[in-house]
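Coordinates in review
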Amino acid sequence: MIFTLTMNPCLDRYIYVDDLKLDDTIRAKKVVDYPAGKGIDVSRVIKELGGISVAISLLGGDTGRKIEEMLDMEGVIYTTIRVSVETRTNIILETNSGQFRISVPTKKVSRKKLETVLEVLNAIVRKGDIIVISGSLPTGVSPDFYTGIIFALKQWGVYVYFDADGEKLKSGLLGGPDVIKPNQHEFERLVGKKIEKFEDFIEQGKKLILEYNLKEILLTLGSKGALLLANDEGYFAKPIDVPVNSAVGAGDSFLAAYVLMRDKGRYEAFKWANAAGNAAVMTPGTELCKKDDVLNLLDRVQIERIY
Ligand SMILES: O=P(O)(O)OC[C@@]1(O)O[C@H](CO)[C@@H](O)[C@@H]1O
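Please read these numbers as outputs of a predicted model, since none were measured by experiment.

Let us look at the overall build of the protein. Each helix and strand in the protein was counted, giving 10 helices and 14 strands. The C-alpha radius of gyration of the protein comes to 19 Å, within 12% of the 19 Å expected for a compact globule of 307 residues. Overall, the C-alpha framework of the protein stretches about 55 × 45 × 40 Å when taken along its three principal axes. Across the 307 residues in the protein, those meeting the buried criterion constitute 54%. Counting only contacts in the protein whose residues sit at least 6 apart along the sequence, the fraction spanning at least 24 positions is 64%. Working note: accessible area of the protein is about 14000 Å², and carbon and sulfur atoms make up 50% of it.

What follows is the structure, given as structure tokens:
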């Protein structure tokens, strides 16, 4: 079974306006809400592509219930760890001149509730299962939280995909995940320098693989394509020329497709991941990839073995 864990889920509120004007009332043309947070996004894409996963997340208040209702409507299976604080609402402003994304913090979640997360995982996740741990942590939760959770899951024989940024990514790596999926900025923050050349991504990636005993690094590079780096082989996926509507959730769509298709082997799974990531870019708003777009793009993905 595939599980996803979203410690800091959100409702993504997408507000369409013409333009932002200081000191004036801006009338929104349209407001659309989506259930979100990176792990929830992954579960929604897995469902869209015909797979099954269980989205585990911490939800609270009316927003938390609304997210559950939306997941119910989409047929996404979920397990909620109910918290007493209201789940956050992230704002995405779509203006004529581009997109502004405002990610808001969540209120503090009690220490006891955090301990519950490990208990819930222990109760439902089994040896041989797969888990995708994605996104930020609620306010006040130390990045070490990810070290502990991932370490425990590895002890139980669970295969861990991990997607986080900054200190959370660094801390989570100490727990020993199998695969990480940074984007270019996250990767550069992790290695502590700006990277211009492909060879440097590969060299730094190989170092990380050895240092943390990673099975794979899935490195998404936006309009420059994507890299799959493993100890014994590496692949480069060329960028596809698609209409760019919204990059929100492209990385989550990429990861979801990779995880779902992993049994087809690295090459095929990477192909699906690139088709899904690009399909998400085509879809407006915080809509994730659509299955038909993914299927249409599959033939256009060009992958090259680089070592
Ligand atoms: O604040 P986090 O947990 O890092 O990310 C949350 C978020 O920005 O990630 C998704 C896109 O990947 C959005 O749907 C959502 O608003």
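Now that the structure has been shown, the text picks up again.
A cluster of nonpolar side chains, contributed by Met 1, Ile 52 and Ile 77, occupies part of the molecular surface with about 290 Å² of accessible area. Along the chain, Ile 52 turns up in the loop between helix H1 (38-48) and strand E4 (53-59).

Moving on, we come to the packing of aromatic side chains. What the rule picks out here adds up to 9 aromatic pairs. Linked through ring pairs, Phe 187, Phe 198, Phe 201 and Phe 236 together constitute an aromatic cluster. Here Lys 30 stacks its cationic end above the ring of Tyr 16, 4.5 Å away from the centre of that ring. Across the ring face of Tyr 307, the terminal group of Lys 206 is positioned such that the distance to the ring centre comes to 4.0 Å.

Here we take up empty space enclosed by the protein. Throughout the structure, instances matching the rule amount to 1 cavity of 30 Å³ or more. In this model, the largest cavity occupies a volume close to 70 Å³. When the residues that make up the lining of the largest cavity are grouped by side-chain class, the tally is 7 nonpolar, 3 polar and 2 charged.

Let us now look at the sheet that holds strand E3 (residues 30-36). As summarised here, the arrangement of the 4 strands in space is E3-E2-E6-E7, forming an open sheet in which the pairing is mixed. Looking at which strands have only one partner, the edges of the open sheet turn out to be E3 and strand E7 (98-102). Taking the axes of each pair of neighbouring strands and ignoring which way they run, one obtains an average angle of 20° across the sheet. Bridge count for strand E6 (residues 88-95) against E7 is 5 bridges, and the pairing is antiparallel. Opposite Leu 93, over in E7, you have Phe 100 as the bridge partner. This element, helix H2 (residues 61-74), spans strand E2 (10-16), E3 and E6 of the sheet and lies at about 85° to E3.

Take the site of the ligand next. Taken together, Cys 10, Asp 12, Ala 36, Lys 38, Asp 41, Arg 88, Asn 90, Ser 103, Gly 135, Ser 136, Gly 249 and Asp 252 are the residues near the ligand. Ser 103 has a polar side-chain atom sitting 3.4 Å from an oxygen atom of the ligand. With the chains in place, 81% of the 400 Å² that the ligand exposes on its own is no longer accessible. Within the residue set of the shell around the ligand, elements represented by two or more residues are E2, H1 and E6. Here the shell around the ligand is composed, by residue class, of 2 nonpolar, 5 polar and 5 charged.

Helix length check: helix H9 (residues 266-282) (17 residues) gives 24 Å between terminal C-alpha atoms against 24 Å at 1.5 Å per residue, within 8%. A large share of H9 lies buried, amounting to 13 of its 17 residues.

Considering all chains together, one arrives at 15 salt bridges under this definition. Note that Asp 165 is salt-bridged to Arg 189, the shortest N-O span being 3.0 Å. Remark: Arg 189 occurs in helix H6 (residues 184-191) and Asp 165 occurs in the loop between strand E9 (159-163) and helix H5 (166-174); sequence separation between them is 24 residues. Given a relative accessible area of 24%, Asp 165 falls into the partly exposed group.

Let us now look at the confidence of the model for the protein. The predicted model of the protein has a mean per-residue pLDDT of 95, with 99% of residues at 70 or higher. ipTM for the predicted complex: 0.97, alongside a pTM of 0.96.

To continue, consider the side chain of Ser 253. Within the fold, Ser 253 resides in helix H8 (residues 250-260). In this structure the side chain of Ser 253 is engaged in a polar contact, spanning 3.5 Å, whose partner is the backbone nitrogen of Cys 289. Those residues within four positions of Ser 253 in sequence are excluded, and the remaining contacts are Val 45, Ala 276, Gly 277, Ala 280, Leu 288 and Cys 289.

Calculation notes
- Every residue gets a number counted from 1 within its own chain, in the order that chain's sequence is written.
- At least 70 in pLDDT is required for a residue's local features to be given in this predicted model, at least 80 for side-chain atom pairs to be given and counted, and no such filter applies to totals for whole chains, interfaces and linings, which use all residues.
- The side-chain figures draw on all heavy atoms in the structure; neither hydrogens nor water molecules are used.
- Every helix listed is a DSSP run of H or I at least four residues long, and every strand listed is a run of E at least two residues long, numbered separately from the N terminus.
- Each radius of gyration reported is based on C-alpha atoms, and the globular scaling rule is 2.2 Å times the count of residues to the power 0.38.
- Three exposure classes are used, based on accessible area relative to the maximum for each residue type with a 1.4 Å probe and protein chains only: buried under 20%, partly exposed in between, and exposed over 50%.
- The contact criterion used is simple: two residues touch if any of their non-hydrogen atoms lie within 4.5 Å.
- Values of accessible area rely on a 1.4 Å probe in the Shrake-Rupley scheme; residue burial ignores everything except the protein chains shown.
- Residues with no salt bridge and a relative accessible area higher than 30% make up the patches, which join like charges within 9 Å and nonpolar side chains (Val, Leu, Ile, Met, Phe, Trp, Tyr) within 5 Å.
- Take a side-chain nitrogen of Lys or Arg and a carboxyl oxygen of Asp or Glu: if they are within 4 Å of each other, that pair is a salt bridge.
- Between the rings of Phe, Tyr and Trp (Trp by its six-membered ring), a pair exists once the centres lie within 6.5 Å; its type follows the angle of the planes, with under 30 degrees stacked, over 60 edge-to-face, and the other angles tilted.
- By definition here, charges over rings are those cases where NZ of Lys or CZ of Arg is within 6 Å of the ring centre and within 35 degrees of the ring normal.
- Residues are called lining when one of their atoms sits within 4 Å of a cavity or pocket point, these points coming from a 1 Å grid over the protein atoms alone, where a cavity is a set in which a 1.4 Å probe fits but cannot get out and a pocket is an open set with protein on both sides within 12 Å along at least five of seven lines.
- Grid points are joined across faces, edges and corners, and a volume is the space filled by probe spheres set on the points.
- Classes in brief: Ala, Val, Leu, Ile, Met, Phe, Trp, Tyr, Cys and Pro nonpolar; Asp, Glu, Lys and Arg charged; the others, Gly included, polar.
- Pairing between strands requires that DSSP locate at least two bridges from one strand to the other.
- Each axis is a line fitted through C-alpha atoms, taken for helices only over the stretch in contact, and angles between the N-to-C directions span 0 to 180 degrees.
- We call a residue near a molecule or strand as soon as one heavy atom of that residue lies within 4 Å of the molecule or strand.
- Two N or O atoms form a polar contact when they lie within 3.5 Å of each other; inside protein one atom must be a possible hydrogen donor and the other a possible acceptor, and for residues adjacent in sequence the pair counts only when both atoms belong to side chains.
- Multiplying one less than the number of residues by 1.5 Å gives the expected span of a helix.
- Confidence of the predictor in every single residue is expressed as pLDDT, which spans 0 to 100.

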